[in-house]
Amino acid sequence: MAKIWRNIRGTFDILPWPSVADGTAVPGSSAWQYVEDVIRRTMARFHFEEIRTPVLEEEGLIVRGIGEGSDIVTKEMFVVERGNDRYVLRPEVTAPVMRAWLQHHLEQRGGVQRLYYIGPCFRAERPQKGRYRQFHQFGCETIGADDPRADAEVIALMLAVYDAFGITGSRLRINTLGLPEERKQYVEALRAWLTPHKDTLSESGRQRLEKNPLRILDTKDEREQALLRDAPLLIDFTGEQTRERYESVKQCLGDAGIDFIEDFLLVRGLDYYMHTAFELESPDLGAQSALAGGGRYDLLASALGSNCPAPGVGFAAGIERLLLALDAQDATIPEALPPDVFLVALGDDAQRWAFREAQRLRRQGISASFDLKGRSMKAQMREAHRQRAPFTLIAGQTELEAGVVQLKNMDSGEQVQLSADKVPEHISKCLRDARGSEDSAPVSSR
Ligand code: HAM
């Protein structure tokens, strides 16, 4: 039997209609368009501007940017080799955005840049519900400002996106990761404290104790969680400057009426963070509960070898997880738009007419569809129903010879005869009457 080619595990196709991939529902492309549209409009409300960076980046950028010891770099990168060059499929977008900021001297364009992005990312993780190898992130980065209001603003923007979808019940956790020196001292203290408890740690906990003890803090293992209740906290290793900054961020969040939970055990999986770190979780998502996460990364530019000070803060969120949350909360997602009219043709001449007329209508901004398989009238009417066309235009040899066509309103069943020359004007009027105030519907951009 011929081989059926399939998408790679952990990736999925987005079809025009809802489908299922590896046991998980994948919404149709119109749901993705709707979600992207709401995200873009929310970003515009905060006056963040879109940046699009390539999916391929040099491996060195990602390694230096997100850290040699991070899980992503050690285990999860898709590497592409070509000659002597090594590229990676971007696992996230913050390091690429910083690269672009430095490369294009964006600091010269007004000092602070507020940027946003939507696009695919790649991580070779073990696929499961809410965790994929190709997934889609949206996020924002404010680069060029170390003002605590910038931290609160990106958090407010992140929450505004979920609000715009009516998603409720998510929890915002925040922490400060302090300055690198403070963190270094803390890591040593934590390692020293955990070492006598080595036997209580899981296998991966013991490995982390060696390589990156901070990562033990976000363990899901209950025994480790119980142990950590008495462990030293990073906040106790921070100086006045860090604490004041952290207080200011919290104050700004309070000013904006944003509820948060302080979680001194919150750490992030990427090495570029300092000061503010945060995550948004949803109880509806199961094991992969993080809807979004982010924080401040004032030293990322220097990790990339730049002398240009580029303090930054941002967040990123998974679109798949947003869609799962929408599904769990039974949110209504607008359906794909049907064609305005479906042309039903009987006979060879009428088939040529259907093609010509569809083109004429489309040129006038009316969306038109017709049969391409020379099917019977009954089958064409069934197709018009399947496509949910509100109107059909019907013509056979007799109508065309008389210079007329039939227009049928598919809802009421009412049918009228029109002069073939007047079709676009008549349909435009019918559509206006039928749509009424619906013309401002969000997804319709025809
Ligand atoms: P992150 O926490 O690694 O942060 O990813 C952000 C979000 O991407 C997660 O909360 C999750 O919703 C989604 N995500 C991550 N991995 C997967 C996956 N394998 N499958 C599905 N969704 C996934 C970052 O990427 C940072 N760049 C965020 C940031 C922006 N920090 C500052 N600016």
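Residues numbered from 1 in each chain as written. Predicted model: local features only at pLDDT ≥ 70, side-chain atom pairs only at ≥ 80, totals over all residues. Heavy atoms only, no water.

Draft legend 1. Expanded view of the site of the ligand. Taken together, 28 residues form the shell around the ligand, and within it Glu92, Thr94, Glu125, Glu141 and Tyr273 come nearest. Measuring from a nitrogen atom of the ligand, one finds a side-chain N or O atom of glutamate 141 at 2.8 Å. Alanine 292 is positioned such that a nitrogen or oxygen atom in its backbone is 3.5 Å from an oxygen atom of the ligand. Against a free-state accessible area of 660 Å², the protein chains account for coverage of 95% of the ligand. The element best represented in the shell around the ligand is strand β12 (residues 290–296), accounting for six residues. (Near = heavy atom within 4 Å. Polar contact = N/O pair within 3.5 Å; in protein donor to acceptor, adjacent residues only side chain to side chain. Areas by Shrake-Rupley, 256 points an atom, 1.4 Å probe, with all protein chains shown as cover. Helix = DSSP H or I, 4+ residues; strand = E, 2+ residues; numbered from the N terminus.)

Draft legend 2. Layout of the sheet that holds strand β3 (residues 49–50). Strand order in the open sheet formed by eight strands is β3-β7-β8-β13-β12-β11-β9-β10, and the pairing between neighbours is mixed. Every interior strand has two partners, whereas the edge strands, β3 and β10 (261–262), have only one. In this structure, β12 lies alongside strand β13 (residues 312–318), joined through five bridges in antiparallel fashion. Bridging from a neighbouring strand, glycine 295 pairs with glycine 314 of β13. Helix-sheet contacts for helix α9 (residues 240–255) involve β9 (171–176), β10, β11 (274–281) and β12, and the interaxial angle to β9 is about 160°. Running over the sheet, helix α11 (residues 319–328) touches β7 (113–122), β8 (134–143), β12 and β13 and is turned about 105° from β8. (Pairing = 2+ DSSP bridges. Contact = heavy atoms within 4.5 Å. Axes fitted to C-alpha atoms, helices over the stretch in contact; angles between N-to-C directions.)

Draft legend 3. Representation of the environment of arginine 126 within the structure. On the secondary structure map, arginine 126 appears in the loop between β7 and β8. Look at arginine 126 and you get exposed, because its relative accessible area is 57%. The spacing of arginine 126 and arginine 9 is 117 residues in sequence and 9.4 Å in space, taken between C-alpha atoms. (Buried < 20%, exposed > 50% of the residue type's maximum accessible area, 1.4 Å probe, protein only.)

Draft legend 4. Structural view of the pattern of salt bridges. With the rule as written, the count across this model stands at 29 salt bridges. In this structure, aspartate 151 and arginine 296 form a salt bridge, with 2.8 Å as the shortest nitrogen-oxygen distance. Placement of the pair is aspartate 151 in helix α5 (residues 148–164) and arginine 296 in strand β12, with a sequence separation of 145 residues. Like arginine 296, aspartate 151 is buried. (Salt bridge = Lys/Arg side-chain N within 4 Å of Asp/Glu carboxyl O.)

Draft legend 5. How the structure looks around the packing of aromatic side chains. All chains considered together, the criterion is met by nine aromatic pairs. Residues phenylalanine 12 and tyrosine 132 carry aromatic rings whose centres are separated by 5.4 Å and whose planes lie at 75° to one another, so their mutual orientation is edge-to-face. Taken together, the positions of phenylalanine 12 in the segment before β1 (19–21) and tyrosine 132 in the loop between β7 and β8 put the pair 120 residues apart, joining distant regions of the chain. Taking the relative accessible area as the measure of exposure, phenylalanine 12 reaches 16% and is therefore buried. Look at tyrosine 132 and you get buried, because its relative accessible area is 12%. Ring centres of phenylalanine 138 and tyrosine 162 lie 6.3 Å apart, and the angle between their planes is 45°; on these two criteria the pair is classed as tilted. Here phenylalanine 138 is found in strand β8, whereas its partner tyrosine 162 is found in helix α5, with 24 residues between them in sequence. The class for phenylalanine 138 is buried, based on a relative accessible area of 0%. Taking NZ or CZ as reference, lysine 3 lies 4.6 Å from the ring centre of tryptophan 5, over its face. (Phe/Tyr/Trp six-rings, centres within 6.5 Å; stacked < 30°, edge-to-face > 60°. Lys NZ or Arg CZ within 6 Å of the ring centre and 35° of its normal.)

Draft legend 6. The nonpolar core, seen in detail. Core analysis: the largest hydrophobic core is formed by 94 residues, its most contacted members being Ile39, Met98, Phe138, Met158, Tyr162, Phe165 and Phe315. Examining the composition of this core, we find that 10 residues originate from one element, α5, more than from any other. Filtering out sequence-adjacent residues up to four positions away, methionine 158 remains in contact with Leu172, Phe278, Leu280, Ala292 and Phe315. Residues Ile366, Phe370, Ile427 and Cys430 belong to the second largest nonpolar core, which totals 21 residues. (Core = buried A, V, L, I, M, F, W, Y, C linked by side-chain atoms within 4.5 Å.)

Draft legend 7. Just the sheet that holds strand β16 (residues 391–395), in detail. Ordered by their spatial adjacency, five strands build an open sheet running β15-β14-β16-β17-β18, and the pairing between neighbours is mixed. Looking at strand neighbours, the two that pair on one side only are β15 (368–370) and β18 (415–419), the edges of this open sheet. Going across the sheet, the axis of each strand differs from the next one's by a mean of 30°, ignoring polarity. As paired strands, strand β14 (residues 341–345) and β16 are joined by five bridges and run parallel to one another. Of the residues in β16, the one forming a bridge with leucine 343 is leucine 393. Along the sheet face, helix α15 (residues 423–435) touches β14, β16, β17 (404–409) and β18 and points at about 155° away from the line of β16.

Draft legend 8. Layout of the confidence of the model for the protein chain. Taken over all residues, the pLDDT of the protein chain has a mean of 94, while the share at 70 or more is 98%. Scored below 50 in pLDDT, residues 439–445 makes five contacts in the model with residues more than four places away or belonging to other chains. (pLDDT = per-residue confidence, 0-100.)

Draft legend 9. Spatial organisation of the state of the cysteines. Summed over the entire model, instances satisfying the criterion amount to zero disulfides. Cysteine 308 forms no disulfide, and the closest cysteine sulfur to it belongs to cysteine 140, at a distance of 20 Å. (Disulfide = S-S within 2.5 Å.)

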